Amino acid sequence: ANLAAAIKGKVGGSVTKALKGDKSKNMDSANVYAVMNIISFLFTVPMVVIAEMSTLQDEWDKACDEHGAQALIMNIVLSGFFFYVYNEFAFAFTASVGAVTSSV
């Protein structure tokens, strides 16, 4: 996960700098981060469905029985939202100051 995040940050920073030069594309660091996440989601979902489909319903039912469906869905949505916001700010910061500065 750390390696993937480092590669994503490095590639994203390079893409952001390249696209900032073309004002017609409107691709600042937030837009590049959003597009990268959409592409990652589209490539990841089929692999997850193939790998986890056999146990997904059973595990979902167990979690709903233990915590309740509403609480489970709320926790999934909130954790996804805050994860995205945190990483978008980190991505924008890294694009502005560089990877070495943001890692210190």
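Below: a short report on this structure. (Residues numbered from 1 in each chain as written. Predicted model: local features only at pLDDT ≥ 70, side-chain atom pairs only at ≥ 80, totals over all residues. Heavy atoms only, no water.)

### Quick word on helix H2 (residues 29-67)
With 39 residues, H2 should reach 57 Å at 1.5 Å per residue; the first-to-last C-alpha distance of 37 Å falls well below that figure. Taken as a whole, H2 carries its principal kink of about 75° at Glu52. One or two steps after H2, the chain reaches Gly68, where phi turns positive at roughly 95°. (Helix = DSSP H or I, 4+ residues; strand = E, 2+ residues; numbered from the N terminus. Expected span 1.5 Å × (residues − 1). Bend = angle between axes of the 7 residues up to and from the residue.)

### Section: the environment of Ala30
Within the element layout of this structure, Ala30 appears in helix H2. For Ala30, a relative accessible area of 24% translates into the label partly exposed. Ala30 sits 59 residues away from Phe89 along the chain, and the two C-alpha atoms are 8.1 Å apart. (Buried < 20%, exposed > 50% of the residue type's maximum accessible area, 1.4 Å probe, protein only.)

### Details of a negative patch on the surface
A cluster of acidic residues, Asp58, Asp61, Asp65 and Glu66, forms a negative patch at the surface. When you line up the elements, Glu66 lands in helix H2. (Patch = residues over 30% accessible without salt bridge, like charges linked within 9 Å, V, L, I, M, F, W, Y side chains within 5 Å. Areas by Shrake-Rupley, 256 points an atom, 1.4 Å probe, with all protein chains shown as cover. Salt bridge = Lys/Arg side-chain N within 4 Å of Asp/Glu carboxyl O. Lys, Arg positive; Asp, Glu negative; His and termini not counted. Charge placed at Lys NZ, Arg CZ, Asp CG, Glu CD.)

### Re the packing of aromatic side chains
As enumerated under the stated definition, the model contains 2 aromatic pairs in all. Ring centres of Tyr33 and Tyr84 lie 5.1 Å apart, and the angle between their planes is 50°; this geometry places the pair in the tilted category. Placement of Tyr33 in helix H2 and of Tyr84 in helix H3 (residues 69-97) is noted, with a sequence separation of 51 residues between them. Under the relative-accessibility criterion, Tyr33 is labelled buried at 4%. A relative accessible area of 29% means that Tyr84 is categorised as partly exposed. Seen in terms of ring centroids, Phe81 and Phe82 are 5.2 Å apart; in terms of plane orientation they differ by 70°. Their pairing is edge-to-face. (Phe/Tyr/Trp six-rings, centres within 6.5 Å; stacked < 30°, edge-to-face > 60°.)

### Points about the packing of H2 against H3
Packing of H2 against H3 leaves a shortest axis separation of 13 Å and a crossing angle of 155°. As far as their axial angle goes, H3 and H2 are roughly antiparallel. Classified by chirality, the crossing of H3 by H2 is right-handed. Packed against H2, whose contacting residues are Ser29, Ala30, Val32, Tyr33, Ala34, Met36, Asn37, Trp60, Ala63, Cys64 and His67, the element H3 presents Ala69, Ala71, Leu72, Ile73, Ile76, Tyr84, Asn87, Glu88, Phe91, Ala92 and Ala95 at the interface. Grouping the amino acids of the contact of H2 with H3 by side-chain chemistry returns 17 nonpolar, 4 polar and 1 charged. (Axes fitted to C-alpha atoms, helices over the stretch in contact; angles between N-to-C directions. Parallel < 35°, antiparallel > 145°, perpendicular 65-115°, else oblique. Left-handed = near helix turned anticlockwise from the far one by under 90°. Contact = heavy atoms within 4.5 Å. Nonpolar A, V, L, I, M, F, W, Y, C, P; charged D, E, K, R; others polar.)

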